[in-house]
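# Observations on chain architecture
So the chains spell out like this:
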Amino acid sequence: MTGMAVFVGLLLGLDFAGLKPPPAFTNSHCIDAKLEFLRRHPPLKPTHLVVGSSIALRNIDTAAIARDNPQVRALNGAFCGLAMNQSAFATRFLIDRLPGISDVLLLLDPFDMSSCRTSKTAVFDQADVGAYLSGAPDLDYYFKYFDLFSLITNAAGRKERFTPYGDLPLDTDRYFGLVYGPPRPSQPECLVALNAFALDLQTRGIALTVITMPLMSGWSREYDPDSRAAKALAAELASALAGTQARLWDTWSTLDVPAADFTDAVHLRWSATGRFTRRLVSATGFGARD
Amino acid sequence: MLFNSGIFIFGFLPAALLVFYGLGLLGQRRWAIVWLTVASLAFYAWWDISNVPLLLASIVANFALQRLLMRRRSRAVLVAGIALNLAALVYYKYAGFLAQTINAAADAGLPVPYIVLPLAISFFTFQQIAYLCDTYDGLVDDSSFVNYMAFITFFPHLIAGPITHHKEIIPQLADPGLARPDARMIAAGATMFLVGLFKKVMIADPIAAYANPVFAAAAAGEPLTLFEAWGGGLAYTLQIYFDFSGYSDMAVGLGLMFGVRLPFNFDSPLKAASIIDYWARWHMTLTRFVTAYIYSPVTLRLTRRRMAAGKPLPRRGRMNLETFLSLVALPTFFAFLVIGIWHGAGWQFALFGALHGIYLTVNHGWRLLRKRWQLDWNDRSLLFVVPSVLLTLACVVVGLVLFRAPDVGTALHMLDAMFGGASLSLHSSQLLSHRQVQLTLVLLAIVWLLPNTQEWLRGTPTGLGEVRPPGWFERWITGHSLGWRPAPAVAVIVGLLGFLAIAKAISAAPPEFIYFNF
């Protein structure tokens, strides 16, 4: 009883100080913070959804899509750190809750396609997260998803600041180094997940646009000088999407992004994302269609 | 079921305790022991009920052999008993590995059997071999089948030790005071259980999130920097220490809650200033078993053989190189090879044992040289202790890389990175973060400075075994009334620890995902 009282007191204190982190549904603060954002800012009937892993969350300025296409209500529904199978799971969860979605933009890089085998598809419990997003009291979830270390470190750590569209800007001038090592081959599990995802959206009458993320030129020089990995990824994605109505844009091979725009091999600094998003939209027509 | 599962903490344990002490208070001590055995078998069956017949058959067969040995001291019966136990162990644990090895070496095309390893077979096999050997040597008092069965199946030690000895458990089961509740013993047992649970779920499991990605990257053949490899190895060392010693604390605590004192299994091994000292503190009951039933008999036999051949023997701890190799190096290496292979079927485990055999041999050799050269250093000075502890820790980390790696190739890849075959880069990395470094330093401070569980409960009978004299930090804690005793302040501390540990144990939160800054 003493312990429970102290813990509740800690939560109340953190809440009072504005430091209370979200419950550890996934225990990945970036994902849990996004869920908290969606709880606090319920989306207003979005029609267009940007999905994927951190590259979709960080590199897309969703406001730019909406600015160029006033008829579009766009939402960034990406979560960081997800493999392809997990992105499909999270996207289906959002689409089930947001019945007005007509278009989905999926941004992929080779790293998203190489870890499905070891990544549990159900990245969170849909019933718990669904109730949480619907505004259920959150105290129970701090007990059910108890993790004191992550609670304290997330309370003391940097706060995630989302844009009103759900983007998570990397608002920095720093360059962190490449961080990402050599490309790993796509796993069949990821390609199967992508295929099933595309067919699922097709059945639901939702248009899917898949885009490969251009990687920093320094990374390509180091790990993919002959563009073998880039070509392989495009071919594998095309093969996985064959027979579906999804559209694939291999912008990794066709879009040149200045090295200065990157904070590491795959993530863009926020100041560059508006320009990058407009070029993507212009190339793919995402958001221009009704 | 696991000790850290909700079903165990809120279901099995309270029910087992209530019925056990209920029967004891009704004067049904014998039925209380039978209940303990039934509960232990249920605990074992929870994992996989199909393993229960093997456990029962092993117990019945060994008890029958023991009866035979009690009646007639027959070497043939002893050898047959040991062979039977080892045959079961080899079949279930090593048959697949042996077939693979023979196929690889001789292209024999043997079918590789897929055999599910029965839980705890390594533990109950060793215990029963010891029972047979001691019966043959006339060291076993008569015991009932009920007590023998309770000794082998007693659930606190059944799954992962400590490897108990019949001489320390069966007399306690035969004690007329068993199953009479002793509040202080139950409180001390609950404290040890909760401290062990805290170590397991609040420390070991979170630190695993730093070790696993490094070993996964090594298994995938990805390049590692020197600091990533050492960071991963050190994280795993801390993980397995807190995990296994936490489990052992839970086992000793659970034993106490049922009025049975189990032997200590850990004694702050990462404080060890030599590898010899380390093995006197790490998985102590395994070291004890191997020393008593493998190392000592082998050494004795070799000594007799040398005597018969007229070869020189050690005199006052001094010996020539040839004597050292045959009477120290050979049995040490052999004993540790057995320890390595006992841990698992794979060459990496054999290499782990062989490496520690070499460590021990070098350590023994160095001790002899110090004696011969009369290097009388002050072993307790910080100038000696600090480098010794750090060197021992480094050796342990290297050994545990072999232990943790899924195969020899992965281990060699890690070791290559640890010993200069890799970049010295300190660049941003997904495999080594500032937070990991900070956490590692905090955990090392805990390991090196704080008293261990049995030291904290000094003054109250807990496990079996010596408790070292208090260090300066423990004396400081005791001086500030923070030592364990049945008092309100301590109850609050234990209550807090217990809440954190149980809440984490039953939490649905997955292991924290360390996602760097992205």
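We now turn to the structure provided with this report. Because the structure is predicted, anything quoted here is derived from the model rather than measured.

With that out of the way, let us pick up the overall build of chain A. Regarding its fold elements, chain A presents 13 helices and five strands. Across its three principal directions, the C-alpha atoms of chain A cover 60 × 40 × 35 Å. For chain A, the residues scored as buried account for 59% of the 290 residues in total. The long-range share in chain A, meaning contacts at least 24 apart out of those at least 6 apart in sequence, stands at 84%.

Moving on: the state of the cysteines. Residues and elements named next belong to chain A. If you walk through the whole model with that rule in mind, you get two disulfides over all chains. Cys-30 shares a disulfide with Cys-80; S-S distance 1.9 Å. Within this pair, whereas Cys-30 is found in helix 2 (residues 29-40), its partner Cys-80 is found in the loop between strand 2 (74-76) and helix 5 (84-97), the two being separated by 50 residues in sequence. Considered together, Cys-30 and Cys-80 belong to a single accessibility category, that of buried residues.

This part covers helix 14 (residues 347-373) of chain B. When the terminal C-alpha atoms of helix 14 of chain B are compared, their 38 Å separation across 27 residues agrees well with the 39 Å that a helix rising 1.5 Å per residue should span. Positive backbone phi, approximately 55 degrees, marks Gln374(B), located one or two places after helix 14 of chain B.

Residues and elements named next belong to chain B. Residues Arg-75, Arg-301, Arg-304 and Arg-305 make up a contiguous surface patch of positive charge. Per-element accounting of the positive patch gives the leading share, three residues, to helix 12 (residues 284-309). Relative to the helices and strands, Arg-75 resides in helix 4 (residues 75-106).

This paragraph deals with the interface of chain A and chain B. Interface size, as often reported, equals the accessible area lost upon joining of the parts. Residue-level contacts link 33 residues of chain A with 24 residues of chain B. Its largest share of buried area at the contact with chain B, chain A owes to Phe146(A), Phe149(A) and Val179(A), together 24% of the area lost on that side. The partner of Lys504(B) in a salt bridge is Asp147(A), and the shortest N-O contact between them spans 3.8 Å. Connecting chain A to chain B are four residue pairs in polar contact (both at pLDDT 80 or more). Of all the elements, helix 1 (residues 2-16) of chain A adds the most residues to the side of chain A that touches chain B, at five residues.

What follows concerns the packing of aromatic side chains. All names here are of chain B. Following the criterion strictly, the structure yields 54 aromatic pairs over all chains and no others. Taken together, Phe-3, Phe-8, Phe-12, Phe-20, Tyr-21, Phe-43, Phe-154, Phe-155, Phe-193, Tyr-247 and Phe-258 form an aromatic cluster joined through their ring pairs. Positioned above the aromatic ring of Tyr-136, the side-chain terminus of Arg-73 is 4.0 Å from the ring centre.

Formed by 155 residues in total, the largest nonpolar core has its most connected members in Phe3(B), Phe8(B), Phe155(B), Phe193(B), Phe258(B) and Trp279(B). At 19 residues, helix 9 (residues 183-219) of chain B tops the list of elements feeding residues into this core. With near-sequence residues (within four places) excluded, Trp279(B) lies in contact with Thr287(B), Phe336(B), Ile339(B), Phe352(B), His356(B) and Leu360(B). Listed in part, the 88 residues of the second largest apolar core include Leu75(A), Phe79(A), Val104(A) and Met216(A).

Further remarks concern the packing of helix 5 of chain A against helix 6 (residues 126-133) of chain A. Residue and element names in this part refer to chain A. Two elements in contact, helix 5 and helix 6, have axes whose closest approach is 12 Å; the angle formed by their N-to-C orientations is 45 degrees. When the axis of helix 5 is compared with that of helix 6, the two are oblique. Judged by the sense of rotation from one axis to the other, the crossing of helix 5 with helix 6 is right-handed. Contacts between helix 5 and helix 6 pair Phe-89, Phe-93 and Arg-97 from the former with Gln-126, Val-129, Gly-130 and Leu-133 from the latter. Split into classes, the residues belonging to the contact of helix 5 with helix 6 amount to four nonpolar, two polar and one charged.

Reading the values: the criteria
- Residues numbered from 1 in each chain as written.
- Chains lettered and ligands numbered in written order.
- Predicted model: local features only at pLDDT ≥ 70, side-chain atom pairs only at ≥ 80, totals over all residues.
- Heavy atoms only, no water.
- Helix = DSSP H or I, 4+ residues; strand = E, 2+ residues; numbered from the N terminus.
- Buried < 20%, exposed > 50% of the residue type's maximum accessible area, 1.4 Å probe, protein only.
- Contact = heavy atoms within 4.5 Å.
- Disulfide = S-S within 2.5 Å.
- Expected span 1.5 Å × (residues − 1).
- Patch = residues over 30% accessible without salt bridge, like charges linked within 9 Å, V, L, I, M, F, W, Y side chains within 5 Å.
- Areas by Shrake-Rupley, 256 points an atom, 1.4 Å probe, with all protein chains shown as cover.
- Salt bridge = Lys/Arg side-chain N within 4 Å of Asp/Glu carboxyl O.
- Lys, Arg positive; Asp, Glu negative; His and termini not counted.
- Charge placed at Lys NZ, Arg CZ, Asp CG, Glu CD.
- Buried area = accessible area lost by both parts, 1.4 Å probe.
- Polar contact = N/O pair within 3.5 Å; in protein donor to acceptor, adjacent residues only side chain to side chain.
- Phe/Tyr/Trp six-rings, centres within 6.5 Å; stacked < 30°, edge-to-face > 60°.
- Lys NZ or Arg CZ within 6 Å of the ring centre and 35° of its normal.
- Core = buried A, V, L, I, M, F, W, Y, C linked by side-chain atoms within 4.5 Å.
- Axes fitted to C-alpha atoms, helices over the stretch in contact; angles between N-to-C directions.
- Parallel < 35°, antiparallel > 145°, perpendicular 65-115°, else oblique.
- Left-handed = near helix turned anticlockwise from the far one by under 90°.
- Nonpolar A, V, L, I, M, F, W, Y, C, P; charged D, E, K, R; others polar.

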